[in-house]
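Listed below, chain by chain, are the residues.
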Amino acid sequence: MTPKTLLMSTALVAVTLAAPLAFADSAPQPPVSDQAMQYYDRHKIDLSNLRDYYEGLMTADAMIHRDAFFDSTTKWMLTLRQMILSESGHHIARSAYQLSLMGVPLGEIQAIFDPSYVADLDDPRMKAAFTYIDVMGRYPITSSGDIHALLRTNYTDRAIAELMQLGAINHASATHDAVLPIVTDQETVDWATKNLASV
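Residues numbered from 1 in each chain as written. Predicted model: local features only at pLDDT ≥ 70, side-chain atom pairs only at ≥ 80, totals over all residues. Heavy atoms only, no water.

Here's the deal with the packing of aromatic side chains
Evaluation of the coordinates by the stated rule reveals five aromatic pairs. Relative to Tyr 155, the ring of Phe 70 lies with its centre 5.3 Å away and its plane at 55 degrees, an arrangement referred to as tilted. Of this pair, Phe 70 sits in the loop between helix H3 (51-64) and helix H4 (72-86) while Tyr 155 sits in the loop between helix H8 (145-154) and helix H9 (157-179), and the two are 85 residues apart along the sequence. Among the residues examined, Phe 70 registers a relative accessible area of 4% and is labelled buried. Assessed through its relative accessible area of 6%, Tyr 155 is described here as buried. One aromatic cluster in this structure is built from Phe 69, Phe 70 and Tyr 155. (Phe/Tyr/Trp six-rings, centres within 6.5 Å; stacked < 30°, edge-to-face > 60°. Helix = DSSP H or I, 4+ residues; strand = E, 2+ residues; numbered from the N terminus. Buried < 20%, exposed > 50% of the residue type's maximum accessible area, 1.4 Å probe, protein only.)

Right, dumping it as structure tokens:
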């Protein structure tokens, strides 16, 4: 770099930085009321600011887990599998406890944690659904034509759309928990601590 080019580059950087630095020096201080708020420290995030988003996510979650082509129990089993692979502690406990409340035996719930669970399924249609969920539960998601062909072989378009909606909402919930951990209620924590410690 020639002295002239170096001088021009330095001048460009100086001009680029001058405006924001000048603004920073002249910008008024935030109101005292703002500084007193919990979220003013940017190392902390006031989760109540995201309440509307999270409540919307939970509304979608409740809707997609209703009985439709896939019954609600099957959907929660698929969800548990996806959350295990996503390593979402809150949603693992929540999904497993929900299955327990629905009357699913503890042994069946614990079996979903087994790495070979999907491979060991006998029902080809259930295996197809869980194979898709296994793809959705891993990062990065690496879906392929083979997965689409597997789903089309076993399900109608409406059923596939429902399965994809379930996987997408679960993915959003798991991502939310990974970035901004969700507080798990004590009842669910106690159940999970007692019944999932071995898996």
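Still more to cover.
Notes on the side chain of Arg 81
Mapped onto the fold, Arg 81 is located in helix H4. Excluding its chain neighbours within four sequence positions, the residues that come into contact with Arg 81 are Ile 112, Phe 113, Asp 114, Pro 115, Tyr 117, Val 118, Phe 130, Ile 133 and Asp 134. (Contact = heavy atoms within 4.5 Å.)

Points about the packing of H4 against helix H7 (residues 124-136)
Following both chains from N to C, one finds H4 and H7 inclined at 35 degrees, their axes separated by 8 Å at the closest point. As for how H4 packs across H7, the hand of that crossing is right-handed. Contacts between H4 and H7 involve Thr 74, Met 77, Leu 78, Arg 81, Gln 82 and Leu 85 from the first element and Met 126, Ala 129, Phe 130, Ile 133, Asp 134 and Met 136 from the second. In terms of residue class, the contact of H4 with H7 is built from eight nonpolar, two polar and two charged. (Axes fitted to C-alpha atoms, helices over the stretch in contact; angles between N-to-C directions. Left-handed = near helix turned anticlockwise from the far one by under 90°. Nonpolar A, V, L, I, M, F, W, Y, C, P; charged D, E, K, R; others polar.)

Some details on H9
With 23 residues, H9 ought to run about 33 Å at 1.5 Å a step, and its terminal C-alpha atoms sit 33 Å apart, in line with that. Within H9 the residues assigned to the buried category are Ala 159, Ile 160, Glu 162, Leu 163, Leu 166, Gly 167, Ile 169, Asn 170, Ser 173, Ala 174, His 176 and Asp 177. (Expected span 1.5 Å × (residues − 1).)

Looking at the environment of Ala 119
Among the secondary structure elements, Ala 119 is positioned in the loop between helix H6 (106-111) and H7. Classification of Ala 119 by relative accessible area gives exposed; the value is 57%. Between the C-alpha atom of Ala 119 and that of Phe 130, which follows or precedes it by 11 residues, the distance is 9.3 Å.

Brief notes about the pattern of salt bridges
Within the structure shown, the criterion is met by five salt bridges. Between Asp 134 and Arg 138 there is a salt bridge whose closest N-O contact spans 3.9 Å. Of the residues examined, Asp 134 reaches a relative accessible area of 11% and is grouped as buried. The structure contains a network of salt bridges with shared partners spanning Arg 81, Asp 134 and Arg 138. (Salt bridge = Lys/Arg side-chain N within 4 Å of Asp/Glu carboxyl O.)

What to know about the nonpolar core
One finds Leu 80, Leu 99, Tyr 155 and Leu 163 to be the most contacted residues of the largest nonpolar core, which totals 39 residues. Contributing elements (two or more residues each) for this core: H4, helix H5 (89-101), H7, H8, H9 and helix H10 (186-195). With seven residues, the single largest contributor to this core is H7. If we skip the residues at most four places from it in the chain, Leu 80 touches Ile 92, Ser 95, Ala 96, Leu 99, Ile 109, Ile 112 and Phe 113. (Core = buried A, V, L, I, M, F, W, Y, C linked by side-chain atoms within 4.5 Å.)

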